[in-house]
Amino acid sequence: MKGRARAPAPAGSIEPLQAGDLCGALELSRSAGWNQNEADWRTMLALGRGWGIRALDGQSRPRLAASIVVLPYGTRFAWVSMVLVLPEFRRRGYASRLLRHALAELARTGRGAILDATPQGHAVYVQEGFVDSWGFRRYRREARARHETATANPPTRALSASDWPAIAALDRPAFGAEREPLLRALAARLPAAARVAERNGRLVGFVLAREGREASQIGPLVADDEDAARALLDAALAALDGPVYIDATDRHSALVPWLEARGFAFQRPFTRMLHGLEHAPGDAATIFAVAGPELG
């Protein structure tokens, strides 16, 4: 005998996000002007967990009013992102409730939390016990700009299936955890922009990119040095028409004039913040661009 269907949770309660929430999740992204598309939300919910709050606004059925997503990376930490509230439901404490719920879930599993805060959200996260780590800045190119392209040194080529062990060996110490499932998912989004750089027969960098709701996003970009980073960026940009975002780390500010010469303009800063961790995992010296504030 089949069991009865579970009754919907009351409006205002915290519920897990499911595949059926994709429309509501996309509405949250659009309302904030963020770049995530359906593929982004599917990837985050497949690799992590999400929660939401539904609320009534005069309609007959509750709608998804707020969200949060947690992506675990190993056993030490998880990424917290997509802390969103529809404009008409703000100032009701939904974001704080969801954040505290997520932090409690992570504490239960012994994980710390990391997130990338906008200037608007920074003060809120400080109040919840997050502390600053390092930062990056978002740059946007509206359209492909004409520029002089030097011969790539080191040379780059398309990413192949046999590269994944070497990519993981580069990425794991930089990021501080294993995230190959995420990297493979990103590489499949825009294969023409997934590139690796080699020097003396050794892989010295890689770059990935994905399409977004209103612009492509380059990242992550991990490389041994600036020469490899520039060669990889040139190769990825050659495959991308239209608007492009890149979240370039502050420590590699020497890359900024190079980006500006290719039509990129500064948009806004982000601060990487930690909760329950003494210091940021990994060695960010080889990270030239992050995957995005929603992914790490």
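Residues numbered from 1 in each chain as written. Predicted model: local features only at pLDDT ≥ 70, side-chain atom pairs only at ≥ 80, totals over all residues. Heavy atoms only, no water.

## Quick look at the pattern of salt bridges
Side-chain pairs of opposite charge can arise whenever the charged atoms involved come near each other. Taken as a whole and assessed by the stated rule, the structure comprises 27 salt bridges. One network of salt bridges, in which partners are shared, links Asp40, Arg189, Arg210, Glu211 and Glu294. (Salt bridge = Lys/Arg side-chain N within 4 Å of Asp/Glu carboxyl O.)

## Some points on empty space enclosed by the protein
The final tally for this structure, using the stated rule, is three cavities of 30 Å³ or more. Estimated volume of the largest cavity: approximately 60 Å³. Taken together, Trp79, Ile114, Trp134, Ala174, Phe175, Arg272, Ala280, Pro281 and Ile287 form the lining of the largest cavity. For the lining of the largest cavity, a count of residues per class yields eight nonpolar, no polar and one charged. Quantified by volume, the second largest cavity comes out at close to 50 Å³. Forming the boundary of the second largest cavity are Trp164, Ile167, Ala168, Asp171, Arg172, Ala177, Glu178, Arg179, Glu180 and Leu183. For the lining of the second largest cavity, the elements supplying multiple residues, two or more each, are α5 (164-175) and α6 (180-187). (1 Å grid on protein atoms, 1.4 Å probe; cavity = no way out; pocket = protein on both sides within 12 Å on 5 of 7 lines; lining within 4 Å. Points joined across faces, edges and corners; volume = space filled by probe spheres on them. Nonpolar A, V, L, I, M, F, W, Y, C, P; charged D, E, K, R; others polar. Helix = DSSP H or I, 4+ residues; strand = E, 2+ residues; numbered from the N terminus.)

## Observations regarding the confidence of the model for the protein
Residues at a pLDDT of 70 or more form 93% of the protein, whose mean pLDDT is 93. Overall, residues 1-7 carries pLDDT values under 50, and its contacts beyond four positions in sequence, including any with other chains, amount to zero contacts. (pLDDT = per-residue confidence, 0-100. Contact = heavy atoms within 4.5 Å.)

## So, the pairing of strand β12 (residues 264-275)
Judged from the five bridges that link them, strand β5 (residues 112-117) and β12 form a sheet pairing that is antiparallel. Bridging from a neighbouring strand, Leu115 pairs with Met273 of β12. (Pairing = 2+ DSSP bridges.)

## Looking at the layout of surface pockets
Empty space among the atoms can be located by rolling a probe the size of a water molecule over them. Empty space within the largest pocket amounts to approximately 930 Å³. Lining the largest pocket are 36 residues, and of these Trp34, Val83, Thr118, Gly121 and Tyr125 lie nearest its centre. For the lining of the largest pocket, the secondary structure elements donating two or more residues are β4 (77-85), α3 (94-108), β5, α4 (119-127) and β12. In terms of residue count, the dominant contributor to the lining of the largest pocket is β4 (six residues). Its residues placed into classes, the lining of the largest pocket shows 17 nonpolar, ten polar and nine charged.

## A few points about the packing of α5 against α6
Running from N to C, α5 and α6 point in directions that differ by 120 degrees, and their axes come no closer than 11 Å. Compared by their axis directions, α5 and α6 come out oblique. Note that α5 runs across α6; the crossing there is right-handed. Residues Trp164, Ile167, Ala168 and Asp171 of α5 pack against Glu180, Leu183, Arg184 and Ala187 of α6. Residues that form the contact of α5 with α6 fall into these classes: five nonpolar, no polar and three charged. (Axes fitted to C-alpha atoms, helices over the stretch in contact; angles between N-to-C directions. Parallel < 35°, antiparallel > 145°, perpendicular 65-115°, else oblique. Left-handed = near helix turned anticlockwise from the far one by under 90°.)

## Let's talk about the side chain of Asp247
Its location among the elements puts Asp247 in strand β11 (residues 244-249). In terms of polar contacts, Asp247 uses its side chain to reach the side chain of Arg138, at 2.8 Å. Other than its neighbours up to four places away in sequence, Asp247 contacts Phe136, Arg137, Arg138, Gln217, Ile218, Phe288, Ala289, Val290, Gly292 and Pro293. (Polar contact = N/O pair within 3.5 Å; in protein donor to acceptor, adjacent residues only side chain to side chain.)

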